[in-house]
Amino acid sequence: VAGPPIFLFVVDTSVTEEELDELKDSLQESLTILPEHALVGLVTFGTMVQVHELGFEECPRAYVFKGDKDVPADKISHLLGLRKPQGGAGQPGKPGQPQAPGQNGMHGVAQAHGRFLLPVSECTMVLDT
């Protein structure tokens, strides 16, 4: 069974303040035309890459990665808490080895839901800040 559609906004912040304000308005407007059950996430980049934790509205929170450093996807997934670290030789999770259900794929989406992905109705106020 397919889950709700996911819209991940990836925003280049190395633009002028005026362009950033216009972009913010465009993002807010685009949220109004998305399906109500859609999930939304936000990644911004400039000299640093920031993965925003939208489900933490008390205080803005983001995971920051150096923009000039190459970090493997599995390490990023682990750092974000989306996947357990891959096992060593002969253990499940090693590349080329079968993994048990729930160790990848939709498990990562389930972990991200509520932290990095929010329903459109809940993220509008968070993205206003």
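Numbering of residues begins from 1 in every chain and follows the order in which that chain's sequence is written. Note on the predicted model: pLDDT of at least 70 is required for a residue's local features to be given, and 80 or more for side-chain atom pairs to be given and counted; whole-chain, interface and lining totals, by contrast, use all residues. Computation of side-chain values covers all heavy atoms of the structure but excludes hydrogens and water.

Engineer: Outline the nonpolar core, listing residues and values.
Structural biologist: Buried Ala, Val, Leu, Ile, Met, Phe, Trp, Tyr and Cys residues form a nonpolar core when they are joined through side-chain atoms within 4.5 Å. Throughout, exposure labels follow a simple rule: accessible area from a 1.4 Å probe, protein chains only, divided by the maximum for the residue type, with under 20% read as buried, over 50% as exposed, and the rest as partly exposed. By size, the foremost hydrophobic cluster in this structure holds 11 residues: Phe9, Val11, Leu31, Leu34, Ala38, Val40, Leu42, Leu54, Leu118, Val120 and Cys123. Put simply, the parts of the chain that give this core at least two residues each are β1 (6-12), β2 (39-45) and α4 (120-128). Residues are treated as being in contact if the distance between any of their heavy atoms lies within 4.5 Å. What valine 11 contacts, discounting residues up to four positions off in sequence, is Leu23, Leu27, Leu42, Val43, Thr44 and Phe45. Listed in part, the six residues of the second largest apolar core include Val43, Phe65, Leu82 and Phe116. Strands here mean DSSP runs of E at least two residues long; helices mean DSSP runs of H or I at least four residues long; both are numbered from the N terminus.

Engineer: An account of the pattern of salt bridges is needed here, citing residue identities and associated values.
Structural biologist: By definition here, a salt bridge exists when the distance from a side-chain nitrogen of Lys or Arg to a carboxyl oxygen of Asp or Glu is within 4 Å. Tallying each qualifying case throughout the model produces two salt bridges. Between glutamate 53 and arginine 61 there is a salt bridge, with the nearest N and O atoms lying 3.4 Å from each other. Residue glutamate 53 is joined to arginine 115 by a salt bridge in which the shortest nitrogen-to-oxygen separation is 3.5 Å. Highlighted residues: glutamate 53 in the loop between β3 (48-52) and β4 (62-66) and arginine 115 in the loop between α3 (106-112) and β5 (118-119), separated in sequence by 62 residues. Residue glutamate 53 is classed as buried on the basis of its relative accessible area of 8%.

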